[in-house]
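Each chain, letter by letter, is given below.
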Amino acid sequence: MLKTRIIPCLDVADGRVVKGVNFVGLRDAGDPVDAAIAYDAAGADELCFLDIHATHENRGTMFDLVTRTAKHCYIPLTVGGGVRTVADVRALLLAGADKVSFNSAAVANPDIIAQAADQFGSQCIVCAIDAKTVAPGRWEIFTHGGRKPTGIDAVEFAKTVTEKGAGEILLTSMDRDGTKQGFNIPLTRAISDAVSVPVIASGGVGTLDHLVDGVVQGGASAVLAASIFHFGEFTVAQAKQHMADAGIPMRLS
């Protein structure tokens with residue numbers, strides 16, 4: 001059986017790790033390369049770097065961060081934010097990323113997923129979905145850092161991009177982001193049931209039980225968290241042991 005992954009997420013703005021609530025109110029959480037090295041040593045299964053501003057100026061910063069991180073870390077690294085073209089994917093993979101995540105560009109043109117997957121393989125193409133609850137049992141995709149509504153149904157879009165070749169879905173509940181109230185389980189379950197690729201649950205972790213819920217109730221293959229790790233509330237080892245104690249297959253060594 002495949003092991004469940006714990007993925008610390010490093011939201012990067014202007015070369016620093018930041019964390020907010022509902023995508024706003026950012027506070028500094030340190031140097032991303034130092035954080036990545038610490039998470040590698042702590043036993044994280046993967047890391048995720050997201051350039052949350054994704055401005056043209058920050059693009060060079062991210063390439064540098066990826067290169068420096070890859071020199072020191074040996075766990076898989078997913079990078080996203082501002083990825084628009086197949087050339088962007090190539091550049092980030094060459095810089096040392098293992099997987100590259102599309103978000104707004106995939107919403108604008110889902111065929112970019114197919115083009116990237118055809119060239120580099122589905123295994124390194126992630127589609128990030130930022131979804132907000134708009135009615136009971138219905139979730140809408142928002143883009144541009146959660147500021148732009150699209151009218152697109154999140155579950156249907158997840159099906160579309162996996163059919164195009166996305167090898168993984170990074171699913172963030174905007175309602176829960178930074179709230180520490182737990183994952184949006186109905187959303188996570190709906191997406192997990194709708195697609196055949198791994199789903200990474202993101203948005204809302206405040207306790208170790210929330211991580212368990214994302215897998216057991218939400219059907220996620222991996223759980224992503226930021227605040228509980230960045231600010232020292234829990235360690236990766238504590239999280240893994242708690243999930244293992246709940247009967248979830250984990251990589252503990």
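Before reading on, note that the structure itself is shown above.
Residues numbered from 1 in each chain as written. Predicted model: local features only at pLDDT ≥ 70, side-chain atom pairs only at ≥ 80, totals over all residues. Heavy atoms only, no water.

Trainee: Just checking my understanding: could you explain helix α3 (residues 86–95) for this structure?
Mentor: Since the α-helix packs 3.6 residues into each turn, any two residues three or four apart lie on the same face. Buried within α3 we find V86, V89, L92 and A95. Positive phi shows up at G96, right after α3, with a value of about 130°. (Buried < 20%, exposed > 50% of the residue type's maximum accessible area, 1.4 Å probe, protein only. Helix = DSSP H or I, 4+ residues; strand = E, 2+ residues; numbered from the N terminus.)

Trainee: Sorry, what's going on with the pattern of salt bridges here?
Mentor: Oppositely charged side chains can pair when the atoms bearing their charge come close. All chains considered together, the criterion is met by 11 salt bridges. The shortest N-O distance in the salt bridge between D64 and R68 comes to 3.0 Å. Of this pair, D64 and R68 both sit in helix α2 (residues 56–72), 4 residues apart, roughly one helical turn. Taking relative accessible area as the criterion, R68 reaches 33% and is therefore assigned partly exposed. D193 is the salt-bridge partner of R189, the closest N and O atoms lying 3.0 Å from each other. One end of the pair, R189, and the other, D193, are both in helix α7 (residues 185–194), 4 residues apart, so they sit about a helical turn from each other. We classify R189 as partly exposed; its relative accessible area is 30%. With a relative accessible area of 55%, D193 lands in the exposed category. Taken together, the shared-partner salt bridges connect R5, E46, K99 and E168 into one network. (Salt bridge = Lys/Arg side-chain N within 4 Å of Asp/Glu carboxyl O.)

Trainee: Got a minute to help me understand the layout of surface pockets in this structure?
Mentor: Remark: the empty space left among the atoms is shown by a probe the size of a water molecule rolled over them. Space inside the second largest pocket adds up to approximately 320 Å³. For the second largest pocket, the lining is made up of 17 residues, of which L2, K3, T4, R5 and S221 are closest to its centre. Here the residues of the lining of the second largest pocket are counted per class, giving 7 nonpolar, 3 polar and 7 charged. (1 Å grid on protein atoms, 1.4 Å probe; cavity = no way out; pocket = protein on both sides within 12 Å on 5 of 7 lines; lining within 4 Å. Points joined across faces, edges and corners; volume = space filled by probe spheres on them. Nonpolar A, V, L, I, M, F, W, Y, C, P; charged D, E, K, R; others polar.)

Trainee: Honestly, the pairing of strand β8 (residues 138–143) in this entry has me stumped. Any pointers?
Mentor: Strand residues, when the strand is regular, have side chains that alternate between the two faces of the sheet. Across the 6 residues of β8, 5 count as buried, placing the element largely inside the fold. Sheet topology note: the strand β7 (residues 125–135)/β8 ladder contains 4 bridges and is antiparallel. Opposite A135, over in β8, you have R138 as the bridge partner. Taking the residues between adjacent antiparallel strands as the criterion, β7 and β8 are bridged by 2 residues, where G137 takes a positive phi near 75°. As paired strands, β8 and strand β9 (residues 148–153) are joined by 3 bridges and run antiparallel to one another. Opposite E140, over in β9, you have D153 as the bridge partner. (Pairing = 2+ DSSP bridges.)

That's the geometry; what it means functionally is another story.
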